[in-house]
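These are the residues of each chain, in order.
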Amino acid sequence: MKQISPLHWQTHEYEHREQTPDWFWAVGIITVALSVTAIILNNVLFAFVIILSGFVLSLYAARPPKEIDVIIDNRGIRTDKTFYPFHSLESFWIDEDEHKIIIKSARFIMPYIIVPLGDADLEKVHQYLSRHLQEVFHVESNLHKLMDRLGF
């Protein structure tokens, strides 16, 4: 296979949505209600896990996205510090409306990898990925869509 120069671009790891104080209040109220219910049902450990989860969720929502490097070369795709070799990937789809790549992985635990395109040239990315992967229509999982809707 002919050696071609790698594609490289920078983008945010996710689209940041500023959370309103009402959002944090809602998370807090739901967290307290669930933890009180767990305590009433004599499950203090689960109540602790719920409180910890609510706290971590709030911290994550307030965190701005960091700038990541995306590199596609002849071996695979690197997003920041994570490398996905082509032999562990099955297919790809470029969602032009959302400006991202949806990649189907052969792994059972993480079946889809979403890579933001940022300012990358869609045509060059398509040509590069077509050399290594099959192009198949993919949609995001319902869980990922729900997380987007909730502001993550």
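First things first, this report covers the structure right here in the doc. This is a predicted model, so every value here is computed, not measured. (Residues numbered from 1 in each chain as written. Predicted model: local features only at pLDDT ≥ 70, side-chain atom pairs only at ≥ 80, totals over all residues. Heavy atoms only, no water.)

A few points about a nonpolar patch on the surface
Taken together, Leu-45, Phe-46, Phe-48, Val-49, Leu-52, Phe-55, Val-56 and Leu-59 make up a surface patch of nonpolar side chains, about 810 Å² in accessible area. Looking at the secondary structure, you find Val-49 in helix α2 (residues 44-62). (Patch = residues over 30% accessible without salt bridge, like charges linked within 9 Å, V, L, I, M, F, W, Y side chains within 5 Å. Areas by Shrake-Rupley, 256 points an atom, 1.4 Å probe, with all protein chains shown as cover. Salt bridge = Lys/Arg side-chain N within 4 Å of Asp/Glu carboxyl O. Helix = DSSP H or I, 4+ residues; strand = E, 2+ residues; numbered from the N terminus.)

Topic: α2
Helix length check: α2, at 19 residues, gives a terminal C-alpha distance of 27 Å against a target of 27 Å (1.5 Å per residue), a fit within 8%. Those residues of α2 not exposed but buried are Ala-47, Ile-50, Gly-54, Ser-58 and Ala-61. The buried residues of α2 occupy one face: seen down the axis, they fall within an arc of 70 degrees. Seen from the open side of α2, the exposed residues pointing more than 90 degrees away from its buried face are Leu-45, Phe-48 and Phe-55. Next to the buried residues of α2 lie α1 (21-40). (Expected span 1.5 Å × (residues − 1). Buried < 20%, exposed > 50% of the residue type's maximum accessible area, 1.4 Å probe, protein only. Arc of directions from axis to C-beta. Contact = heavy atoms within 4.5 Å.)

Considering the environment of Gly-28
Following the sequence through the fold, Gly-28 ends up in helix α1. Residue classification places Gly-28 among the partly exposed positions, given a relative accessible area of 29%. Considered as a pair, Gly-28 and Ser-105 are 77 residues apart in the sequence and their alpha carbons are 36 Å apart.

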